[in-house]
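# Structural characterization, general
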Amino acid sequence: MKDNRIEELFRNGLQNSESDVPAGTWKAIENSLESMLPATGAASQPASSLGALGKVIIGGIIVSGVALTVYLLTIDKEITTEPASLVERAIEVKNETTGKVEAATKFQEPNSIKAESAVRQPAVKETVSQEVFSSNDEIKPLADQSEIISTEAQIVEALPKLKEPVAENKIAETVNNEPAEPILENSAEQIVAENSLLPEVSFNDVMTPNFDNVNDIFRVEGNEAVMSFTVTVMNLNGKVIHQWSAPNGFWDGRLENGQMAPSGKYLVDIFVQPLKGAPYHKPVTIKLIR
Amino acid sequence: MTDEQLVKQCLENNRNAQQELFEKYSRKMMSLCIRYAGNEDDAKDILQEGFIKVFIHLKDYSGNGNLSGWIKSIMVNTALNFLKKSVYLTEMVQMEEGYAVSGIAQSESRLGEQELMKLIRSLPDGFRTIFNLFAIEGYTHKEIAHMMGISENTSKTQYLRARARLQKMINAKSEKVIA
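Residues numbered from 1 in each chain as written. Chains lettered and ligands numbered in written order. Predicted model: local features only at pLDDT ≥ 70, side-chain atom pairs only at ≥ 80, totals over all residues. Heavy atoms only, no water.

Next up on the list: the overall build of chain A. Secondary structure assignment for chain A yields 11 helices and 8 strands. Counting every position in chain A, which comprises 290 residues, the buried fraction comes to 42%. Across chain A, every contact between residues at least 6 apart in sequence was considered, and the portion connecting residues at least 24 apart equals 63%. Roughly 15,800 Å² of accessible area belongs to chain A as shown, and the carbon and sulfur atoms make up 54% of that amount. (Helix = DSSP H or I, 4+ residues; strand = E, 2+ residues; numbered from the N terminus. Buried < 20%, exposed > 50% of the residue type's maximum accessible area, 1.4 Å probe, protein only. Contact = heavy atoms within 4.5 Å. Areas by Shrake-Rupley, 256 points an atom, 1.4 Å probe, with all protein chains shown as cover.)

Before going further, it helps to examine the sheet that holds strand 1 (residues 201-203) of chain A. Residues and elements named next belong to chain A. Reading across the sheet, the 3 strands line up as 1-3-6 and stay open at both edges, with antiparallel pairing between neighbours. For this open sheet the edge positions go to strand 1 and strand 6 (250-251), each flanked by a neighbour on one side alone. Note: strand 1 against strand 3 (residues 218-222), 3 bridges, orientation antiparallel. Directly across from V201, in strand 3, lies its bridge partner G222. (Pairing = 2+ DSSP bridges.)

All names here are of chain B. Along helix 8 (residues 141-148), the residues that are buried comprise H141, I144, A145, M147 and M148. Projected down its long axis, helix 8 shows its buried positions confined to an angular sector of 165°, all on one face. Just past helix 8, the residue G149 takes up positive phi, approximately 70°. (Arc of directions from axis to C-beta.)

Now for the sheet that holds strand 8 (residues 280-288) of chain A. Residue and element names in this part refer to chain A. With respect to topology, 5 strands assemble into an open sheet ordered 2-8-7-4-5, the strand pairing being mixed. Both edges of this open sheet fall to strand 2 (206-207) and strand 5 (240-244), since each of them pairs with a single strand only. One ladder, built from 2 bridges, connects strand 2 with strand 8; its direction is parallel. Counterpart to M207 in the pairing with strand 8 is L288.

For the rest of this paragraph, the subject is the confidence of the model for chain B. Should pLDDT be low for a region, the predicted coordinates there are not to be read in detail. Residue and element names in this part refer to chain B. Chain-level statistics for chain B give a pLDDT mean of 83 and a share of 83% at 70 or above. Taken element by element, the predicted model of chain B shows its lowest mean pLDDT in helix 5 (residues 88-94) (47) and its highest in helix 2 (residues 15-37) (95). Within the model, pLDDT remains below 50 along residues 93-98, and this stretch shows 9 contacts once partners closer than five positions in the same chain are excluded. (pLDDT = per-residue confidence, 0-100.)

With that settled, the discussion passes to the packing of helix 2 of chain B against helix 4 (residues 67-83) of chain B. Angle between the axes and distance between the axes: these two values describe a pair of packed helices. Residues and elements named next belong to chain B. For the pair helix 2 and helix 4, interaxial distance at closest approach is 10 Å and the crossing angle is 40°. The angle between helix 2 and helix 4 places the two elements in the oblique class. Handedness of the crossing formed by helix 2 with helix 4: right-handed. Here L21, Y25, M29, L32, C33 and Y36 of helix 2 come into contact with helix 4, specifically with L67, S68, I71, K72, M75, V76, A79 and L83. (Axes fitted to C-alpha atoms, helices over the stretch in contact; angles between N-to-C directions. Parallel < 35°, antiparallel > 145°, perpendicular 65-115°, else oblique. Left-handed = near helix turned anticlockwise from the far one by under 90°.)

Before going further, it helps to spend a moment on unusual backbone geometry. One non-glycine residue, A:N215, adopts positive backbone phi at about 50°. Structurally, A:N215 is set in the loop between strand 2 and strand 3. One non-glycine residue, B:N13, adopts positive backbone phi at about 60°. With respect to the helices and strands, B:N13 occurs in the loop between helix 1 (3-11) and helix 2. Given the relative accessible area of 4%, B:N13 is considered buried.

Shown next, in the form of structure tokens:
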């Protein structure tokens, strides 16, 4: 009986095993998260660390990088008189991206662009971005960092859509309709989400153990934020009658010796261990009616 | 990216980072969920719910210990909550079978991951849960008793029965091979 080979066999064989995750699982999670933890989209890290999605949409980043560049070039052309070759190049790039550039650039406020934004996209053609960088010296750097962040967030959001040729108008629409502030200031929503997840236990404080299947047992249920709880049923003198500590535990209205407990009030202590934060006691009184 | 960096970015609700964390651990966790649920459909629901909990409670992850273990414990908890709907206690009482363990066939050590998984999945809910918790996740009977709302003794006897059941299936398998 002391042989542990079965345990070893299964533990070694299965504790690190992997299984295919059904398609759409992440999508479903993402949808749920949207209402609970709205994305800040603070994608301030370089594209290389964007993760799996980053790899997929890297093409989109290139387009958007080029878009920025082209736009910068366009502004530059107005502010400073640049050599014609640069403008030509801009047109060249524009042609390469088959018109998607326009859609992607519409939402950009001229002042909110810093040369750095373009340079940060590593995939942008080296020469173009260098020229932009040097030609941008006259543009005063933007003081408000948050605007840049939200701009980038919008870019990242818009990226998947850039892949679809028909989506050009949509991008302009989405982006224009989107105010810049809510993306960053969602703390109020977060607080609401947190409040709805405070550890709570629910129970019916009256029990009628007469075998009619209505309130025959006393049980406690915890919400999502409750890790576990321990319920102790005592008589009015504090003598413990029954105790359990699991979701499906209950009291059937019997004393320790199996006899029916008499009608009356009973003290119940519910010791709650929340998923987060300190555990606490919740003393309640229940009524047993026969 | 290290887990630490990943967690930091997830806490900023960076969707890309959250997806990366999901993709990093979801295959392992899916396997765990199947082990508890016994089928893919329920496992997917548990996985989904579990990961949402992971992201909501990530701010409480202390950073000590490994992230994988922390995620795992949330998954196990979610799975147990899910399984409580199927009343495993009643089922257990009815499982009156002996748990004498006979000799272990040599061939069993050759069982592959797929076969082990199949064996576990064929166990009834109650047995499967206890076997998973004790043999694979390595919880003590005391912990299991607390988690499942049963006595320590029930946990022990039910575990031995689950184990005997598996043993029987393994032996039957190897006999078939020999014959």
